[in-house]
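Single-letter residue listing:
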Amino acid sequence: MIHRFAIAALFAFVTSVAVAQTTPDAQEPGQTTPDSPKDSGGPVDRLRDDGVSLRFVWANDWAASVRGGERLGATNGGGAVGGADLDMGKLAGIDGGKMHITFARYYGHSLAADDIGTLQKIQGYWYPKRQWQLAQLSWEQQFSDSHINVLAGRLNATWQFARSTYGCRFVSAPDCPYQLTNTSGGFSGFPYVNWGARVKYQPDARYLSIGAFEVNPDRRNNNGLNWGFNNATGVMIPLEAGYETSFANDPYPKHLKIGGWYNSADFTDPELNTKGLHRGLVGGTARNYDGGRYGVYVLADKVVWKPDANSNTRNLAVFGSVTGPLDNAENYTLQSTFGLLWTGLSAARPNDSLGFQGTLFRFSRKAVGYEDDLIHKDSGTNDHFARNEWMTELNYSYKLLPVVSLVPNLQYIVSPDILGNTVGVKRVPANAIVIGLRVMVNMGGPGSQ
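Residues numbered from 1 in each chain as written. Predicted model: local features only at pLDDT ≥ 70, side-chain atom pairs only at ≥ 80, totals over all residues. Heavy atoms only, no water.

> Got a minute to help me understand the state of the cysteines in this structure?
Such a bond, covalent and formed between the sulfur atoms of two cysteines, is termed a disulfide. Under the counting rule described, the total for this entry stands at one disulfide. Covalently, cysteine 168 is tied to cysteine 176 through a disulfide, its sulfur atoms 1.8 Å apart. Disulfide cysteine 168-cysteine 176: the torsion about the S-S bond is 85°, which places it as right-handed. Residue cysteine 176 is classed as buried on the basis of its relative accessible area, which comes to 16%. (Disulfide = S-S within 2.5 Å. Buried < 20%, exposed > 50% of the residue type's maximum accessible area, 1.4 Å probe, protein only.)

What follows is the structure, encoded as structure tokens:
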């Protein structure tokens, strides 16, 4: 009851600010703000001019483990995301108002869970629930004189806080959304939505954001259509300060995001059961702890080079991040990601890109202890899991058509975990090599410009 009251009270507080003031468009998957206006003339362009901006992304991720992991194999997974942004100023005379609606549908299987064992996704467009999903239904209000922007409704937190600028250009998903905030912080991740709100104050390139989001473990099972608080377990409150520019006002754009979170929901021990015994050896229900978890993060990126100072199409950007919880009973104790994205390697292919991303996950002693217990119980060996796991990806995005891309990719995973699939595991998986191909149709989604 206290949790529900806290959710309702915080949500009411944040949304009440929305009725007063707000700034730039809150972008979600499939929602970007182009630097230059698009050509007009077609029916989609005419709709946009009338206040209805349509969005659509379809991606198919084929991946095969050719070495290491729990076993070799190949799987296919993907999904479609579509929606619209409604300019309520044009449609209903409500200046500064926008409505966002997004639906999603996913299919296929996970190489990470089925063959490698890792908790982190190798195919970013695979989700475990193969169902239609309401992925956003929200109202955004902007008051140009106040520099405050408010977004409220059925939302996910990972697209409003700790959001990577370049992470969704990669096929694997440690940075899309940011994995640790999603799993340890309790950030609701796309496409699963809870009630939430975000207030952003941005007088210039600097900004300050605060939010309140319902924590509801049942969100994955109800298609986003159960709008009650019956299964809510707490509230997650993120706070972020940052600095951001774009090609519109900076020849070498940059982002800096510093933030943290509080999660009031109860949580479970990665290793022990309710009797304090090792769950991996004797089974039982995980020990439960009262809510009150905290964590911090820093994300940064910058365009560092352009072959033509007068053009923004071709550029080299670097990015990095680090985050960690401030409590002990978690699967992770640290995530650090770094990488680069080189767009337009040649003047002949200005829209192609070459990307590299590396991510370090450091697991807690409790999480590794649980994995060790499972191996010892199932096989009788004394093998041990490493606390540090590396996920790396090298990919090339080839623009076949303006909205169609082919993205061959190579991934290498050092010291894979088995937290994504612990059934019947009898050995510590070897370092894994994965090859893959993404086919994407992208009209208005991340990386479409």
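> Just checking my understanding: could you explain a nonpolar patch on the surface for this structure?
A surface patch of nonpolar side chains, amounting to about 480 Å² of accessible area, comprises Trp62, Val66, Leu394, Leu410, Ile435 and Leu437. Contributions of two or more residues to the nonpolar patch are made by strand S1 (52-69) and strand S18 (430-443). With respect to the helices and strands, the residue leucine 410 is situated in strand S17 (residues 404-414). Assessed through its relative accessible area of 42%, leucine 410 is described here as partly exposed. (Patch = residues over 30% accessible without salt bridge, like charges linked within 9 Å, V, L, I, M, F, W, Y side chains within 5 Å. Areas by Shrake-Rupley, 256 points an atom, 1.4 Å probe, with all protein chains shown as cover. Salt bridge = Lys/Arg side-chain N within 4 Å of Asp/Glu carboxyl O. Helix = DSSP H or I, 4+ residues; strand = E, 2+ residues; numbered from the N terminus.)

> Whenever I open this one, unusual backbone geometry confuses me. Can you help?
Generally, phi is negative for residues other than glycine and the peptide bonds are trans, each holding for most cases. The omega torsion of the bond from phenylalanine 190 to proline 191 falls at 10°, within 30 degrees of zero and hence cis. Its location among the elements puts proline 191 in the loop between helix H5 (179-183) and strand S6 (194-201). Look at histidine 147: it is not a glycine, yet its phi comes out positive at around 65°. Secondary-structure assignment places histidine 147 in the loop between strand S4 (132-143) and strand S5 (148-155). Backbone geometry places alanine 162, a non-glycine residue, at a positive phi of 55°. Locating alanine 162 in the fold gives a position in the loop between S5 and H5. Given the relative accessible area of 2%, alanine 162 is considered buried.

> How should I be thinking about the confidence of the model for the protein chain in this particular structure?
Within the protein chain, residue pLDDT values average 87, and 90% of them lie at 70 or more. Long-range and interchain partners of residues 1-39, a stretch whose pLDDT sits below 50, account for 105 contacts in this model, where long-range means more than four residues apart. (pLDDT = per-residue confidence, 0-100. Contact = heavy atoms within 4.5 Å.)

> Would you mind showing me how to read the nonpolar core here?
Soluble globular proteins: nonpolar side chains tend toward being buried together. With 35 residues, the main nonpolar core has Ile116, Ile122, Phe187, Met236 and Phe363 as its most contacted residues. Residue assignment for this core shows that the elements contributing at least two residues are helix H4 (111-116), S5, strand S7 (206-215), strand S12 (293-305), strand S15 (353-363), helix H7 (365-379) and S18. The leading source of residues in this core is H7, at five residues. (Core = buried A, V, L, I, M, F, W, Y, C linked by side-chain atoms within 4.5 Å.)

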